[in-house]
Amino acid sequence: MTFTSWQFGVFAATVFAAYYLPALRSFQVQLLVVASLFFYGYGQPELLALLAVAVFGTYLFLVLALRNRKAWLPVGIAFNLALLAFFKYKLLFIDPASPSLVDFAPLDFLLKLPLPIGISFFVFHNISLLVDLTRQKAAPPTLAGVFLYIIFFPQLVSGPITRAEMFMPQIKPKYFADIPFVEAAKWILAGFFFKLYVANNLNEMTSYMSFPLYETLQTQDRWLLVFLYSYQIYADFFGYSAIAIGLGLLFGYRLPINFNLPYISTSFSEFWTRWHISLSTWLRTYLYVPLGGNRHGLWRTYLNLMIVMGLGGLWHGAGLSYLLWGLLHGLLLVLERPLLARLASIDFAVFRKARMTVVFLCVSMLWIFFKLPNFDHAVGYLAGMFTPSTNPNPTKMFYSLALLYSLPVMIQHLGFRPFEGRLRWAEPYLYGSMAALMYLEAGPETSFIYFQF
Amino acid sequence: MSAVRWLIKCGAAAAIVLIACGLATVRFGSGLQVPATTTRDGTLNALSRYLREPVPNVVLVGSSITFRLKEEYFTTRGLRNLALGGGSPVTGLEIVANQPRLPAAILVEANVLARPPDAALVERYSRGATELLFFRPVRAAVAAYEQRLRPPLTHEQVALDLRRLVGQPPSDFDNRIYVDRAQQQFNAEDPTYVAQLNAKRIEELIRIVEQRGARVFLFELPYAEPIEGSRSAAATREIIHAAFPEPNRWLSIEVNRSELRWADGVHLDERSAVIVAGAMERALASARTVK
């Protein structure tokens with residue numbers, strides 16, 4: 001069940017209506033847990049058992065680690081990483097199409113299970129829960145609270161990855177009168193608009209980046225599509241995160257903001273404080289800092305950056321392209337690190353714009369490894385960006401449409417904020433027009449890009 | 001501003017935009033609405049246009065191979081190319097057959113029969129009304145801009161350019177890598193089952209439309225040599241010729257093959273498409289004289 005389906009609309013409205021009934025106030029957490037299980041099991045009921053194993057297992061290790069952190073915390077983390085590794089990386093070693101993979105039937109069944117949607121996200125929630133709560137030495141939370149934190153349906157499939165120490169204190173009775181309706185509506189409308197109008201329409205154009213279609217593209221169109229994909233992946237993931245935040249607010253939970261205009265970053269380190277913020281924060285807190293961060297000298301810092309970004313790449317998928325994407329981002333962070341102080345001291349507008357352009361260009365080029373997880377295809381696409389096209393029947397691109405579909409991302413990043421001043425009265429009308437436009441001009445239905453992770 | 005007032009204003013703005021676009025559709029129709037950014041868009045455009053405009057004299061139905069034969073390449077007036085990129089010729093033939101009025105001649109491509117007809121498209125375009133409920137302002141604006149920039153051409157407008165193009169030597173584009181890839185694909189697929197179903201359905205549809213006075217001719221567009229000999233092409237040819245053995249059912253496209261080039265071994269390049277379009281017209285003129 002995706003956020004853009006009518007089934008989800010009915011589901012969310014029903015849960016919302018029941019959630020604030022006075023008679024059910026004592027069961028709000030349980031209601032959200034049941035609703036989240038329904039949401040998750042709607043498409044893949046066979047994977048509900050796995051979700052239950054992940055949550056019960058994590059809860060057990062949490063209780064044990066609260067008694068003896070040193071002994072049980074590593075076991076709990078290893079348990080979750082093993083789950084992630086098994087489901088995410090098994091395809092590197094097996095062919096699921098084979099009639100029988102191993103002689104042991106239960107293992108054969110497990111090996112043939114599809115990649116559970118959202119596993120990368122809920123495993124990170126589990127680890128955050130284990131680390132944060134055992135660090136605080138708090139009393140063990142209720143099982144329902146743990147369930148809710150891990151499987152809360154707005155964030156279950158693609159985040160934002162919420163830290164336990166931020167989410168758990170929010171678990172308390174919620175009241176209808178406390179709902180910030182306008183804020184929730186703005187997040188939800190902006191999210192749907194970016195997904196339906198921007199991302200889904202741009203997806204029609206960037207579908208030509210796939211192999212072998214990209215061979216029909218002219219050289220300049222290959223460049224154009226790289227930038228369009230940059231806008232698309234942002235609009236898609238920002239859209240999802242915005243809807244999740246808006247839905248969270250409707251149920252009384254404030255989820256972390258996941259994006260902060262990433263394409264205006266003037267350095268790669270700044271980019272990672274603006275793009276998929278919840279993942280960057282998670283990696284910094286639970287991987288970079290424990291590895292030693294920047295506390296053990298220059299070379300160790302560089303190594304830590306490369307390890308974190310390489311693993312961050314592999315977190316997205318088991319493939320050479322994802323690993324390379326992460327490592328190249330790591331390399332860019334390493335290369336810019338000694339220059340950052342000097343670059344920051346040159347403070348004039350043109351230079352800042354030039355830095356923004358360089359960062360945007362590099363980040364966009366690296367998205368090619370995301371769009372084309374097959375490494376050979378990605379390299380083929382890149383090579384074609386630097387050689388003249390000879391195809392006698394090139395694909396025609398509509399530059400005017402590309403501009404109109406990309407415009408919302410551009411306007412947002414240009415920092416156009418008319419509604420903070422005298423035009424504040426027009427804000428509801430703009431959001432209303434966006435709602436109409438996303439209905440009228442929605443592109444063909446496609447999954448959220450981050451669902452695959 | 002209270003939340004309720006904000007939400008009411010927001011809802012009212014959405015409703016006003018939707019009503020305005022609904023009224024615009026009633027006033028202007030939806031003819032301008034979808035620039036073809038993808039194959040699917042192109043298909044919907046072609047079908048909508050077929051239903052919207054007067055019934056043509058001759059219609060071509062086929063796949064992306066026939067799609068390359070642009071209407072302005074033909075001197076025949078009232079010729080419409082309803083070939084659907086990525087689709088089956090049977091889809092177009094079904095839709096044409098389901099219309100209340102038929103063209104005088106229907107030309108059916110017999111190259112690609114391995115794809116089943118698109119039932120959703122057939123259903124949608126056989127109902128007649130395909131107008132959208134709402135005007136889509138962004139697409140309409142871009143479509144208007146594109147039409148202004150590149151208005152549809154007639155044969156008369158491009159005749160000189162086409163003659164110049166045909167007068168040039170054939171392209172020397174090195175397509176070996178693409179031909180090899182296409183050959184592998186054509187050798188890997190077995191079209192037998194679907195092609196037999198399609199051939200049977202074409203037979204039924206021909207009987208229906210010919211009872212209503214239209215004439216139907218089949219045609220095969222040339223492939224590059226290695227593709228002609230591939231498993232899929234050979235099997236398709238055998239099935240369709242077994243279903244339609246009569247020579248007068250076929251347009252005999254006679255061209256000097258050494259003049260033809262394919263971007264990928266399957267789809268003709270522009271110059272070759274112009275040459276083949278000319279040969280088809282000659283074949284059609286000759287076939288229509290045979291009763």
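## Quick notes on the overall build of chain A
Okay, so step 1: Within chain A, the secondary structure is distributed over 21 helices and zero strands.
Okay, so step 2: Principal axes of the C-alpha set define a box for chain A whose edges measure 65 × 55 × 55 Å.
Okay, so step 3: A total of 453 residues make up chain A; the buried ones form 42% of that total.
Okay, so step 4: Nonlocal contacts in chain A, meaning residues at least 24 apart in sequence, comprise 75% of its contacts between residues at least 6 apart.

## Digging into the overall build of chain B
Okay, so step 1: The secondary structure content of chain B amounts to 12 helices and four strands.
Okay, so step 2: Counting only C-alpha atoms, chain B reaches 75 × 45 × 40 Å along its principal axes.
Okay, so step 3: Put simply, chain B has 291 residues, and 40% of those count as buried.
Okay, so step 4: A sequence separation of at least 24 residues applies to 79% of the contacts in chain B between residues at least 6 apart.

## Focus on the interface of chain B and chain A
Okay, so step 1: The interface of chain B with chain A comprises 29 residues on the first partner and 24 residues on the second.
Okay, so step 2: Of all the elements in the fold, those that place two or more residues in the side of chain B that touches chain A are α1 (3-28) and α6 (137-149) of chain B.
Okay, so step 3: Ranked by residue count, the leading element in the side of chain B that touches chain A is α1 of chain B, at 12 residues.
Okay, so step 4: A breakdown of the residues in the side of chain B that touches chain A according to their chemical character gives 18 nonpolar, five polar and six charged.

## Section: the sheet that holds strand β3 (residues 105-109) of chain B
All names here are of chain B.
Okay, so step 1: Strand order in this open sheet of four strands is β2-β1-β3-β4, and the pairing throughout is parallel. Two strands bound the open sheet, and with one partner strand each, they are β2 (79-81) and β4 (215-219). When the angles between neighbouring strand axes are averaged without regard to direction, this sheet yields 20°.
Okay, so step 2: On top of the sheet, helix α9 (residues 192-211) reaches β3 and β4; it is set at about 150° to β4, its chief contact.

The rules behind each value
Residues numbered from 1 in each chain as written. Chains lettered and ligands numbered in written order. Predicted model: local features only at pLDDT ≥ 70, side-chain atom pairs only at ≥ 80, totals over all residues. Helix = DSSP H or I, 4+ residues; strand = E, 2+ residues; numbered from the N terminus. Buried ≥ 20, exposed ≤ 12 C-beta atoms within 10 Å, placed from the backbone. Contact = placed C-beta atoms within 7 Å. Nonpolar A, V, L, I, M, F, W, Y, C, P; charged D, E, K, R; others polar. Pairing = 2+ DSSP bridges. Axes fitted to C-alpha atoms, helices over the stretch in contact; angles between N-to-C directions.

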